[in-house]
Every structure is written in C-alpha cells, then in structure tokens.
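For reference, the chains in residue letters:
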Amino acid sequence: SRRLQNKFRAAFLPEAEGVSDEYYDYCRWRFVQRIASSALSVLATQQMLFAVGLGAKRALPTAAALNWVLKDGLGRLGKLTVATNFGRRFDADIKRFRFTSSLIYDASAGIEILTPLFPQHFLLLATLANVGKSIGVTTANVVRAPIQMSFSLKANLADIAARTSAQQVLADNLGLAGAVVMTAWVSRMPRARAMLPFAMYPLLAAADLSCIHAELKCVQLKTINKERGEIIAEHWLDKGRAPTFAEVASEEYLLFPPTHEEGALPLQIRPLSFAVHSMETLKEVVASRHRVGGEPGRYFLTYQNAQMEDNIGVKTWRLIRKALPAPGKKLARWRGRAMLALHEDYRPADVLTALLQVSHLRRLPYRKDMTAEQACTWAMEESLSRARKDFPKFVHDIKDQGWQCDQILLSSAEKVTFKVEGGLESLEKKL
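Residues numbered from 1 in each chain as written. Predicted model: local features only at pLDDT ≥ 70, side-chain atom pairs only at ≥ 80, totals over all residues. Heavy atoms only, no water.

Q: An account of the overall build of the protein chain is needed here, citing residue identities and associated values.
A: Along the backbone of the protein chain there are 15 helices and 5 strands. Per-residue burial for the protein chain yields a buried fraction of 45% across its 431 residues. The long-range share in the protein chain, meaning contacts at least 24 apart out of those at least 6 apart in sequence, stands at 81%. Per element, the accessible surface of the protein chain, about 22400 Å² overall, is 60% carbon and sulfur. (Helix = DSSP H or I, 4+ residues; strand = E, 2+ residues; numbered from the N terminus. Buried < 20%, exposed > 50% of the residue type's maximum accessible area, 1.4 Å probe, protein only. Contact = heavy atoms within 4.5 Å. Areas by Shrake-Rupley, 256 points an atom, 1.4 Å probe, with all protein chains shown as cover.)

Shown next as structure tokens:
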C-alpha cells in the first residue's frame, strides 16, 4: 500500500529534495553489489572454517583458534598500511581507488576460497587474504564520505550516510540468506557442497565488480583532478562549451588510464628532475616563455619525444590497449609525452592553463618545413599562446557549469614542486 511504501522510503532513503537524481541509480547498483559481496563473504568464510580444521575435524580447537587469531592480527597490518601511507592520495582519485580496492577485496576472497585445497598453508593464505580484505574495506570506508557528499543538495550528509548504512544492512542480510539457502540446498550432496564456492565465486565476483563499476559511473564529482581537468579541456576545445558533470563522469576510467593518456601525447605531472633533463632544456623552456611574453606561469611544460616508444612498459601497455580497445576509441600513434613540473607557489589557474596548453598541443599539426627541434619549440610556444588567450573564457565557462576551480586535486606524487631562489623572474635573467 501507499502507506507502507512511504514508511519504507522514509526508513531507507533520504528526503528526495536533499539528493541529486543520480543518487537513486547509485543506490540500485550498490544494493545489488552488497548482496553479491555478502554472499561471497559467507562462502569464503565457510571455506576458511573448513581449511582451519573445524569443518574437516583435522585440527585441535586450540590450534584452530590460534591460527584464526593470528591471521586476523596480521591482517590488520594491511589496514594500518593503507591509513598511514595512502591517506593523502585518496582525495585526488577516489573513484579509481574505490574500484581498485574492490578488485583487491574480491581477489582476497578468491584466496580464501582456495584455502581448503592447501590446509597446511592456512596461516599464510589466510593472512594474505585478510591483508587484502583489510586494504579493500579501509579504502572503501575512506572514500565513502566524498562520494556521499557528491549527492547532497543541502546540509544532509549525516542523513544520507544513515540511509546508506540501512540499505547496506538490508542488502547484507539478503546476501547472507542467499548464501545460507544455497549451502542448505546442496548440504546432502557432498560433491556439490564442495564445488559450490568454486562455482559461485566467478559469478559473484563478476556481479560485484560490474555493479561497483556501474555505481561509480553514477557518481558525478564537481571537483577537478588531473583526469577530469584534461577531459574538461579536451571537451571545451572540441565542442566549444564546458562539459556537464554527467559527461565527464561517463568518460572517466576507473581502472585503465584515461583515454587521452592512451593517445598521441599523454601528460604526466612530475618533479622538475623528470621534466627537465638538462640545462639546455631548461634554457629553452625559459626562453620560450620569454618569447611568448605575458604573465609567466608558475610551471614548466616540456616535451619528451617518441623515442619513449622503445620503453618496454610503454610497448606492453599499448599492446594491452590494442587487445582491449575502449568502445568507439582508436589508439592514436605515439608521438611522445608532455611533462609538467609545478613551482612551489603554483595556483589552480596555473594547472588549468597547463592542461589547456597540452590540449592545444595535441591539436597542432606537425611542421614539416622545420627541423624536429624547431617544430617542438614552435609547438610549445604556439600552444602556450593559445592557452593564455583562451584561458579567461575557459575558466568562465567551466565556473558557469558549476565546476570547482578554486582547488585542483593532485596526488602526493603530483604535488612535488620545485623552488627557484629569487623567483622565476630571477631565473630568466640568469639564463
């Protein structure tokens, strides 16, 4: 009846006017994902009990309990490692971290499923699995708040968190019940009971990962990191307008590097020592900035040529992408790599200018009337000139679309900056 529907909605969903429309699609996928994950956890735990000896009656209760406690204690080291070493990296790429953590969690569940086959190595396998699951759970908990915040239309984050927890409890219980029913159904068939976890694992893991991928695609973040910034710049140059949150979310990659990193000129934000390999390169970068004129940006952008094609990592990655192409995307010919180094006083506007410059750089033609060195110099100067000219309208358009431009989210590795005594102007005078 309508009354029961209203009660159910009030118990499990926040107020409709307090959340964005994509929240409901997110909830549907997440609910199914939690059912699959819960059922998988039950089957994995059952396998662990058999392996430790409680099911097969091969070990004394004291030894079994000791092994169980040891694997839990050692497994918590994974949680400690994540919390202390990766905490600062999550904000810059929460969706990719969330999906990667799910891969680790499901792989760990697979190890638990296999433990009865190697009972003599129970402690080793169980510890590895517990470390992986701790990493997965910790990462999922850490990124939950910014994901939920993306759906909030008013100050109701606590309400969203509470309803999401209620949905999770319901889904987990349904998954638990499903696993119990499956186990009971084959309880009188020893061979089927032994094969059930191995048969269900690929199905449940695939369902879990597919639903997580779908639910993360529903998350429309308003902040800008390197990947979203490149997508915004590419879209703005291609279509003459800033993309919506939904358009950017649809183009974000959750596991593989983004599409523009597979193409002709990928961008990396690295320390100065990676971007500038010699004093000659530094002199040329400074000279180009001086020739273009205008307000000097607080960054250095350099180009590394296509000789990187010889790198075995590049070759391997491009072979993988050829074997697993993105739908509707063509793998472009490798033309080199753009390297961006940020000054310690950089501002969000500098990062956005650099991203726009790289997007212009990808679109410039190759000048056959110049030597390779001259063509590179011309391309860097021309792209910088175009980026500076377009920057005011570019920022105006993306702000009008609602993008948060006051802070650019970078990983800890991307935040490694360089310092120049006396400032960049003094460097130009010295060189």
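Q: Now, about the environment of Met-370: what can you tell me, with residues and values included?
A: On the secondary structure map, Met-370 appears in the loop between helix H13 (348-363) and helix H14 (372-400). Excluding residues within four positions of it along the chain, Met-370 makes contact with Ala-375 and Trp-378.

Q: Got a sec to walk through the sheet that holds strand S3 (residues 299-304)? Specific residues and values, please.
A: Spatially, S2-S4-S3 is the arrangement adopted by the 3 strands of the open sheet, whose pairing is mixed. For this open sheet the edge positions go to strand S2 (267-269) and S3, each flanked by a neighbour on one side alone. Each strand axis lies, on average, 20° off the axis of its neighbour in the sheet, ignoring direction. Where S2 lies against strand S4 (residues 337-342), 3 bridges are found, and the strand directions are parallel. The residue of S4 that forms the bridge with Leu-267 is Ala-338. (Pairing = 2+ DSSP bridges. Axes fitted to C-alpha atoms, helices over the stretch in contact; angles between N-to-C directions.)

Q: Before we move on, can you summarise the nonpolar core with the specific residues and values?
A: One finds Ile-224, Leu-301, Leu-340, Leu-352, Phe-394 and Ile-398 to be the most contacted residues of the largest nonpolar core, which totals 36 residues. Counting only elements with at least two residues in this core, the list comes to helix H8 (226-239), helix H9 (245-251), S2, S3, S4, H13 and H14. In terms of residue count, H14 provides more of this core than any other element does, 8 residues in total. (Core = buried A, V, L, I, M, F, W, Y, C linked by side-chain atoms within 4.5 Å.)

Q: Could you give me a rundown of empty space enclosed by the protein, with the residues and numbers involved?
A: All told, the structure shown has 1 cavity of 30 Å³ or more when counted by the stated rule. Secondary-structure elements contributing two or more residues to the lining of the largest cavity are helix H4 (94-114) and H8. Among the elements that line the lining of the largest cavity, the one with the most residues is H4, at 3 residues. (1 Å grid on protein atoms, 1.4 Å probe; cavity = no way out; pocket = protein on both sides within 12 Å on 5 of 7 lines; lining within 4 Å. Points joined across faces, edges and corners; volume = space filled by probe spheres on them.)

Q: Before we move on, can you summarise H8 with the specific residues and values?
A: Its 14 residues give H8 an end-to-end C-alpha distance of 20 Å, which sits within 8% of 20 Å, the value for a rise of 1.5 Å per residue. Burial analysis of H8 places 11 of its 14 residues in the buried class, the great majority of the element. The complete set of buried residues in H8 reads Lys-226, Glu-227, Arg-228, Gly-229, Glu-230, Ile-231, Ile-232, Ala-233, Glu-234, His-235 and Trp-236. You can read the cap of H8 off the contacts: a side-chain oxygen lies 3.3 Å from the backbone nitrogen of Glu-227, and it is on Asn-225. (Expected span 1.5 Å × (residues − 1). Polar contact = N/O pair within 3.5 Å; in protein donor to acceptor, adjacent residues only side chain to side chain.)

Q: Report on the state of the cysteines, specifying residues and quantitative values.
A: Taken as a whole and assessed by the stated rule, the structure comprises 0 disulfides. Free cysteine: Cys-27, not disulfide-bonded; nearest cysteine sulfur from Cys-218 at 9.4 Å. (Disulfide = S-S within 2.5 Å.)

Q: I'd love a proper account of the packing of helix H2 (residues 22-52) against helix H7 (residues 190-217), names of residues and values included.
A: For the pair H2 and H7, the least separation of the axes is 8 Å and the interaxial angle reads 155°. Accordingly, the angle class assigned to the pair H2 and H7 is roughly antiparallel. The crossing of H2 and H7 is left-handed. When the residues that make up the contact of H2 with H7 are grouped by side-chain class, the tally is 18 nonpolar, 4 polar and 3 charged. (Parallel < 35°, antiparallel > 145°, perpendicular 65-115°, else oblique. Left-handed = near helix turned anticlockwise from the far one by under 90°. Nonpolar A, V, L, I, M, F, W, Y, C, P; charged D, E, K, R; others polar.)

Q: Got a sec to walk through the packing of aromatic side chains? Specific residues and values, please.
A: One pass over the structure, following the stated rule, counts 7 aromatic pairs. Ring geometry for Phe-8 against Phe-12: centres 4.8 Å apart, planes inclined by 40°, an arrangement best described as tilted. Of this pair, Phe-8 and Phe-12 are both found in helix H1 (residues 2-12), 4 residues apart, which corresponds to roughly one turn of the helix. Looking at Phe-12, the relative accessible area reads 18%, which means it is buried. Judged by centre distance (4.7 Å) and plane angle (75°), the rings of Phe-245 and Trp-403 are edge-to-face. Of the two residues, Phe-245 sits in helix H9 while Trp-403 sits in the loop between H14 and strand S5 (408-409), which places them 158 residues apart along the sequence. (Phe/Tyr/Trp six-rings, centres within 6.5 Å; stacked < 30°, edge-to-face > 60°.)

Q: A description of the side chain of Asp-93 should follow, citing residues and the corresponding values.
A: Inspection of the secondary structure assignment puts Asp-93 in the loop between helix H3 (61-85) and H4. A polar side-chain atom of Asp-93 sits 2.6 Å from a polar atom in the side chain of Arg-96.

Q: Let's hear about the pairing of S3: which residues, and what values?
A: Of all 6 residues making up S3, 5 are buried, and the element is well covered by its neighbours. Summarising the sheet, S3 and S4 pair through 6 bridges and their orientation is antiparallel. Within S4, the residue paired with Tyr-303 across the bridge is Ala-338.

Q: Describe the pattern of salt bridges, with residues and values.
A: Following the criterion strictly, the structure yields 19 salt bridges and no others. A salt bridge links Arg-96 to Glu-227; the shortest N-O distance between them is 3.1 Å. Separated by 131 residues along the polypeptide, Arg-96 in helix H4 and Glu-227 in helix H8 bring together distant segments of the chain. One salt bridge connects Arg-163 with Asp-159, and the closest N-O pair in it is separated by 2.9 Å. One end of the pair, Arg-163, and the other, Asp-159, are both in helix H6 (residues 157-185), 4 residues apart, so they sit about a helical turn from each other. Linked through salt bridges whose partners overlap, the residues forming this network are Lys-226, Glu-230, Glu-234, Asp-238, Arg-362 and Arg-363. (Salt bridge = Lys/Arg side-chain N within 4 Å of Asp/Glu carboxyl O.)

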